[in-house]
Structures are given as C-alpha cells and as structure tokens.
Amino acid sequence: MSGPASLLPLRVQRLAFEAGGTRLLDDVSFTLQAGRRTVLLGPNGAGKSLLLRLCHGLLTPTSGEVRWSLEGRRSARRQAMVFQHPVMLRRSAVGNISHALAAHGVARADRLPRAYAALAQAGLSDVARRPARLLSGGEQQRLALARAWATQPEVLFLDEPTSSLDPAATRAVETLIDGFHAADTKIVMATHDLAQARRIADDILFLHKGRLLESGDAENFFAQPTTEEGRAFVAGELLW
Amino acid sequence: METFVTAFSEAGALLVSFDRDFLSIVGLSLRVSLSAVALACLIGFPLGAFVALARFPGRGFVILLLNTFMGLPPVVVGLIVFLVLSRAGPLGVLGLLFTPAAMIIAQTILVTPIVAALTRQIVADLWVEYGEHLRSLDAGPVTTLTTLIMDARYSLTTVVLAGFGRAIAEVGAVMIVGGNIDHATRVMTTAIALETSQGNLSTALGLGIVLLLLALTVNAAVQIINTSAGKRAALA
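Remember, it's a predicted structure, so these values are computed and weren't measured experimentally. (Residues numbered from 1 in each chain as written. Chains lettered and ligands numbered in written order. Predicted model: local features only at pLDDT ≥ 70, side-chain atom pairs only at ≥ 80, totals over all residues. Heavy atoms only, no water.)

Trainee: What is the right way to read the overall build of chain A from this model?
Mentor: A tally of helices and strands in chain A yields nine helices and nine strands. Against the compact-globule benchmark of 18 Å for 240 residues, chain A has a radius of gyration of 18 Å, which places it among compact chains. The C-alpha extent of chain A, read off along each of the three principal axes, is 55 × 40 × 35 Å. In chain A, buried positions account for 55% of the 240 residues. Considering only contacts within chain A whose residues lie at least 6 apart along the sequence, 70% involve residues at least 24 apart. Here chain A carries 29 positive and 24 negative side-chain charges, and the mean point of each set is 9 Å from the other. (Helix = DSSP H or I, 4+ residues; strand = E, 2+ residues; numbered from the N terminus. Rg over C-alpha atoms; globule rule 2.2 N^0.38 Å. Buried < 20%, exposed > 50% of the residue type's maximum accessible area, 1.4 Å probe, protein only. Contact = heavy atoms within 4.5 Å. Lys, Arg positive; Asp, Glu negative; His and termini not counted. Charge placed at Lys NZ, Arg CZ, Asp CG, Glu CD.)

Trainee: Would you mind showing me how to read the overall build of chain B here?
Mentor: Check the secondary structure of chain B and you find ten helices and zero strands. Ordered by position from N to C terminus, the α and β elements of chain B give α-α-α-α-α-α-α-α-α-α. In terms of principal-axis extent, the alpha carbons of chain B reach across some 65 × 50 × 30 Å. For chain B, the residues scored as buried account for 44% of the 236 residues in total.

Trainee: What should I look at first to understand the packing of helix α4 (residues 74-85) of chain B against helix α5 (residues 100-136) of chain B in this one?
Mentor: Pairs of packed helices are described in terms of their axes, by the angle between the two and the distance that separates them. Residue and element names in this part refer to chain B. Running from N to C, α4 and α5 cross one another at 135°; their axes reach a closest spacing of 10 Å. With respect to their mutual orientation, α4 and α5 come out oblique. Where α4 crosses over α5, the two elements pack in a sense that is right-handed. Counted together, P74, V77, V81 and L85 of α4 and A102, I105, A106, I109 and L110 of α5 form the full contact between these two elements. Per-class residue counts for the contact of α4 with α5 are nine nonpolar, no polar and no charged. (Axes fitted to C-alpha atoms, helices over the stretch in contact; angles between N-to-C directions. Parallel < 35°, antiparallel > 145°, perpendicular 65-115°, else oblique. Left-handed = near helix turned anticlockwise from the far one by under 90°. Nonpolar A, V, L, I, M, F, W, Y, C, P; charged D, E, K, R; others polar.)

Trainee: Can you help me understand the pairing of strand β9 (residues 211-217) of chain A in this one?
Mentor: On a regular strand, one side chain projects to one face of the sheet and the next to the other, so that they alternate. Residue and element names in this part refer to chain A. The pairing of strand β8 (residues 203-208) with β9 spans six bridges and is classified as antiparallel. Paired with I204 across the bridge in β9 is G216. Joining the antiparallel neighbours β8 and β9 is a turn of two residues, in which K209 adopts a positive phi near 50°. (Pairing = 2+ DSSP bridges.)

Trainee: Would you mind showing me how to read the nonpolar core here?
Mentor: Nonpolar side chains in soluble globular proteins tend to end up buried together. Ranked by size, the top nonpolar core spans 69 residues in total, and within it A:F30, A:L40, A:L51, A:F157 and B:M188 carry the most contacts. Among the elements that line this core, the one with the most residues is helix α2 (residues 20-53) of chain B, at nine residues. There are two domains that each give this core at least three residues, and those are domain 1 (1-78 + 156-240) and domain 2 (84-152) of chain A. In this structure, B:M188 is in contact with B:F22, B:I25, B:V26, B:S29, B:L207, B:V210, B:L211 and B:L214, ignoring residues within four places of it in sequence. Counting residues in hydrophobic clusters, the runner-up holds 46 residues, among them A:L119, A:A148, A:A169 and A:I187. (Core = buried A, V, L, I, M, F, W, Y, C linked by side-chain atoms within 4.5 Å. Domains from an automatic or database assignment.)

Trainee: Would you take a moment to explain helix α3 (residues 93-103) of chain A for this structure?
Mentor: Spacing of three or four residues puts side chains on the same side of an α-helix, whose turn is 3.6 residues. Of all eleven residues in α3(A), ten are buried, a share of seventy percent or more. Buried within α3(A) we find A:A93, A:V94, A:G95, A:N96, A:I97, A:S98, A:H99, A:A100, A:L101 and A:A103. Its buried side turned inward, α3(A) meets α4 (108-121) and α5 (137-150) of chain A together with α5 and α6 (141-151) of chain B. Just beyond α3(A), the residue with positive phi is A:G105, at close to 80°.

Trainee: Even after reading the chapter, I still don't get the side chain of A:R147, so can you show me in this structure?
Mentor: On the secondary structure map, A:R147 appears in helix α5. B:D151 is the oppositely charged side chain nearest to the buried, salt-bridge-free A:R147, at an N-O distance of 8.4 Å. Setting aside its immediate chain neighbours within four residues, A:R147 contacts A:V87, A:M88, A:L89, A:N96, A:I97, A:A100 and B:H133. (Salt bridge = Lys/Arg side-chain N within 4 Å of Asp/Glu carboxyl O.)

Trainee: Please explain the environment of B:L28 as it appears in this structure.
Mentor: Residue and element names in this part refer to chain B. Position of L28 relative to the elements: it lies in helix α2. The exposure class of L28 is buried, given its relative accessible area of 9%. With 72 residues separating them along the chain, L28 and P100 place their C-alpha atoms 8.0 Å apart.

Trainee: For this particular structure, what's the right way to read the sheet that holds β9(A)?
Mentor: Adjacent strands of a sheet form backbone hydrogen bonds with each other and so pair up, either parallel or antiparallel. Residues and elements named next belong to chain A. If you walk across this open sheet you meet the six strands as β5-β6-β7-β3-β8-β9, and the pairing is mixed. Only two strands of the sheet have a single neighbouring strand rather than two, namely β5 (79-82) and β9. Shown here is a sheet whose adjacent strand axes are inclined to one another by a mean of 15°, direction ignored. Here four bridges tie strand β3 (residues 38-41) to strand β7 (residues 186-191), and the two strands are oriented parallel to one another. Pairing of V39 across the sheet is with M189, part of β7.

Trainee: Explain the packing of aromatic side chains to me, please; I cannot follow it from the model alone.
Mentor: One pair of aromatic rings is described through two measures. These are the centre distance and the angle between the planes. In this structure the tally under the stated criterion is seven aromatic pairs over all chains. Summarising the aromatic geometry, the rings of B:F50 and B:F56 are spaced 5.7 Å apart at their centres and angled 15° between planes, so their arrangement reads as stacked. A relative accessible area of 26% means that B:F56 is categorised as partly exposed. Among the aromatic residues, those joined into a ring-pair cluster are A:F206, A:F221, A:F222 and A:F233. (Phe/Tyr/Trp six-rings, centres within 6.5 Å; stacked < 30°, edge-to-face > 60°.)

Trainee: Please clarify how the interface of chain B and chain A should be interpreted in this entry.
Mentor: By a widely used convention, the size of an interface equals the accessible area lost when the partners come together. The partner chain A presents 25 residues to the 21 residues of chain B that form the contact. Between chain B and chain A, roughly 2000 Å² of surface is buried when both sides are summed, and carbon and sulfur atoms account for 47% of that area. Three residues, B:H133, B:L137 and B:D138, lead the burial of chain B against chain A; their summed loss comes to 28% of the area buried on that side. Linking B:D138 and A:R77 is a salt bridge whose minimum nitrogen-to-oxygen distance equals 3.2 Å. Here chain B is connected to chain A by twelve residue pairs in polar contact (both at pLDDT 80 or more). At the level of elements, α5, α6 and α10 (201-233) of chain B are the ones that each hand at least two residues to the side of chain B that touches chain A. If one sorts the elements of the side of chain B that touches chain A by residue count, α5(B) sits on top with eight residues. Each residue belonging to the side of chain B that touches chain A can be placed in one class, and the counts come to ten nonpolar, four polar and seven charged. (Buried area = accessible area lost by both parts, 1.4 Å probe. Polar contact = N/O pair within 3.5 Å; in protein donor to acceptor, adjacent residues only side chain to side chain.)

Next up, the structure:
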C-alpha cells in the first residue's frame, strides 16, 4: 500500500500539550514501527485521543516533536483517522467515500469503482445509495472505516472506534481493523477497553494522567505490568 | 373597510385580467430580484464561507461589517449607486442609470451582506462538525469550502429566501436608481408607492396583495423542493 519510501517509523520525542494552562500530556516519547498493531491504553482522560491527534497532525504540540520518516503532504495523505463519533457528510454512503477520494486527488473515473470496492470490503454494498446519516451507528462506523480503506492509508489512527457500539457491531469493526492489518496498514488505536486491547494489541502504550507509563510488547504488559498503575489497570481496578 | 374590500376585488381582477402592463411589472420585479439574489449568492456563499474558515487580521471587523450591512438602508444604497452610475459618476459612461441593470446592482449590494453573514454562521457551525474529518483528509481550501457549502445546501436555501424577501420587498433603492419609469423600470413596490401617492389606494393595496402572493408562491416552491429533497439526503 505504501509508495517507494515509508512513513514509518514514527518518532515522538518529549511531546507535551497544554490547554488553558493545564498540562494534559507531558514528556511522552516513543517510536512506532511498521507491522505491529499499537494500542494506546488507559482510563478516560489519560490523554489517548490527544496523543492520536498530535501524531496525526490535527493538533500542534506545545513542545516536543512528532517526526514521521516522510514529511509534508505526502505524509498527511498516507494517514487516515477514524473518530469515536464518525463524521458523516450529508451525502450517500458511496458519496462519502468518493468525496474522500476526490479530496485526495483521485481521478474522477477511478472514484466510484474504488468507493464500491471499499463498501464491499465493509459489507455495506446494500446501503451504498442510502444517506450516510440514516445508517445505524455500527454501519456509520464501518462506513468511516471503508472511507479510510478507500484512501489506502499506510497508517490508520482509531480513536475509541467501538465505544458506542453493541458487541456485534464491535466485532464487525474489529474484523475490518484486522483487514487493514492484513493489508499492511499500521494500526494505532486508542481504547480504554481492556478486553479489546488484549484482542488487538501487538504493542501497548499505557497512558495515565497525561504520562506514558509503559510501552512495549502487549503480552509482557498484560502478564507483568511494571508500574503500579499498569498493574491496577490490568487487574480491572478503577484508576483515576 | 371599504378600501380593503375594493382592494381584494382589484387584486382578484388584476390576477385574472392578465393585463399586459401588470404582467410586465410582475415580470420585471421577479427578473430584477431573482437576478440580484443569484448574484448575491454567487458572491455571498464563498465570501461567508471564507470568513467563517479563514483566520486573518481584521476578521472580527469584517464580521461586524457584514452583520451591520445586513441592515443597510435601501435608500442609502440607492443613493450611492445613483451617484456612481450617474453621468458624472465614475461608472457613468456605462449608461446604466434608470435601467433594470442598475436596479439589479443596487439590490445585489443590499442582499449580499445578508447572504454572506448568514452563510458565515451556518458554515462555521458545520465546520465544528466536519473540521477534524476534513483536516484529517488533508483537504485543500477549495475542497473544504465547496464541501461545507454543498453540505449546508438545505440550510442555505433559507438564506436565499431571506435574501429574496429583502430584494422583492424593498422600494427605496430601485426607486432611486430605476426611476419607476413605466414599461421600463417600474416594479411592484414602486408601482405601489406611485398608486398610493396618487390616491389610488385600492389599486395600491391590490398590487400589495399580489406581491404577497408572489412571495408566498416562491417560498412554497422552495419549501416543497426542500422537504422532498431533504428527506432523501437526510440533512438532520
């Protein structure tokens, strides 16, 4: 899916973000490699969404840096993001996808075939002509994933994509995420759902109160968290 | 009371008579106001969307101006356009004064701030919802602008109607730059003013009723289009 050079690894160094005088993210450093599914894990308010947005370039850090191995527009267009509440344009399902393709400069003749292929991938062929905003919550999130799929990203950010979905819809979304992984798209997903993290993660970034407390192999993290907060979170104890 | 009764019968008579003079007045009213609204939208939609999205020094002042200009007095606009288009004025050579073109120009100036100011608000609200997605897509400024205007299209029809209401109802500007010349620049509002000043109150009121019916028809047409199309596209 990637061109000659790769976006990855992504190097994040001493990243901090402040809003209204409050430090919401502090001294976060890590490196993301291709091929492994990274899950940002932590309780609500840990700074997961913030970190995703900083990596994706939707927010500008107060200090520190986010350095992709490719810079500029080539970098931005090879990333995609799926939000907790999918942003559905006031168009049909297929219209939502062809809009994204048009925004990426895909030739007019190629848009519809690619859009329909993406819908098929997400199991949404039947609702292609339906207004996106009339789809169910699960269908909307699958459409958001199909829209990302169509643009063939090298890196896909997901911000709690299943937090408002029922188990069946969650399973459908996770299957699609598997599809991205199989197509060599780097998955970077935020979740507070421990079970989901266990299902998906190859690597864990464990955030708590704006700090990165643990990072590394998921199995190790779940078996032997090295911090007190990590241990409490894995044990399912409430953590504030 | 008698005036009202006569007025309604006059209005009815005007409507069924298909009087040639009357029809030409109605036709010119529609032509001038619809052209002005079309031009105002052509300028106001992108302008409003631009002001909603762009960050530049003096932006607050521009918004203040747009909001203020929503209430531009038509006679003042008429006067300024008159001065600009009069023979001694900067655009006098065009010979536009006392033509429908001058009336269209004046009404465009009146309607554009309304379209731009309301568009700015609507687009700004939609940006709150669409912003992150469009930025995530790395959409350029033109794509962003057209996406927001396109997706706000149902809200924007209300803006068009507000502009049309302003244009079709105003008398001050078209009176000054058009001159209310029979068979040339006479529109419904200037005809009403004339009939009133000549004491033909029932004729004036009859024309007024027809003007209201006209506005009603245009609004109803838009509403019907909007409801059926709106359901399909789920604007909610």
